[in-house]
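One letter stands for each residue in the lines below.
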Amino acid sequence: MLEIAIGIILGCCALGAGTAMIAGIGPGIGEGNAVAKACEAIGRQPECKGDVTTTMLMGCAIAETTGLYALVIAILLIFVAPDLLVEVLKANI
């Protein structure tokens, strides 16, 4: 019975980590769109290159934070959560 419970804990942690990494799709799409629009803007008005590039980089940095948060959650679910949950399970049995 304990082995089944540990297996369920490990499986759910792996599924949770995979689901968390789906959040990496959003920043990739958003940053791609931002860079595309910045290139269009620089192509239309090359003299505004510095302002457009600075604004684009700031936007990309903010958009990337969601992907980094998802990565941190996935790493915690893979390496930290299973041990803690198994210890709690064993303590309550």
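Here the structure is shown first, and the text comes after it.
Since the structure is predicted, the reported quantities are computational estimates derived from the model, not experimental observations.

Criteria and thresholds
Residues numbered from 1 in each chain as written. Predicted model: local features only at pLDDT ≥ 70, side-chain atom pairs only at ≥ 80, totals over all residues. Heavy atoms only, no water. Helix = DSSP H or I, 4+ residues; strand = E, 2+ residues; numbered from the N terminus. Buried < 20%, exposed > 50% of the residue type's maximum accessible area, 1.4 Å probe, protein only. Lys, Arg positive; Asp, Glu negative; His and termini not counted. Salt bridge = Lys/Arg side-chain N within 4 Å of Asp/Glu carboxyl O. Contact = heavy atoms within 4.5 Å. Polar contact = N/O pair within 3.5 Å; in protein donor to acceptor, adjacent residues only side chain to side chain.

Peer 1: I keep staring at the side chain of Glu31 and nothing clicks. Help me out?
Peer 2: Looking at the secondary structure, you find Glu31 in helix α2 (residues 25-44). There is no salt bridge for the buried Glu31, and the closest opposite charge comes from Lys37, which lies 17 Å off by N-O distance. Excluding residues that lie within four positions of it along the chain, Glu31 makes contacts with Cys60, Ala63 and Glu64.

Peer 1: I would appreciate a short explanation of the environment of Thr65 in the present structure.
Peer 2: Mapped onto the elements, Thr65 comes out in helix α3 (residues 49-79). A relative accessible area of 31% means that Thr65 is categorised as partly exposed. For the pair Thr65 and Pro46, spaced 19 residues apart in the sequence, the C-alpha separation amounts to 29 Å. A polar atom in the side chain of Thr65 sits 2.6 Å from the backbone oxygen of Ile62.

Peer 1: Would you take a moment to explain the pattern of salt bridges for this structure?
Peer 2: Where side chains of opposite charge bring their charged atoms close, a pairing between them can arise. Scanning the entire structure with this criterion turns up 1 salt bridge. Two residues, Glu40 and Arg44, come together in a salt bridge whose shortest N-O distance is 3.9 Å. With Glu40 and Arg44 both in helix α2, this residue pair falls 4 residues apart, about one helical turn. Residue class for Glu40 comes out partly exposed when judged on its relative accessible area of 37%.

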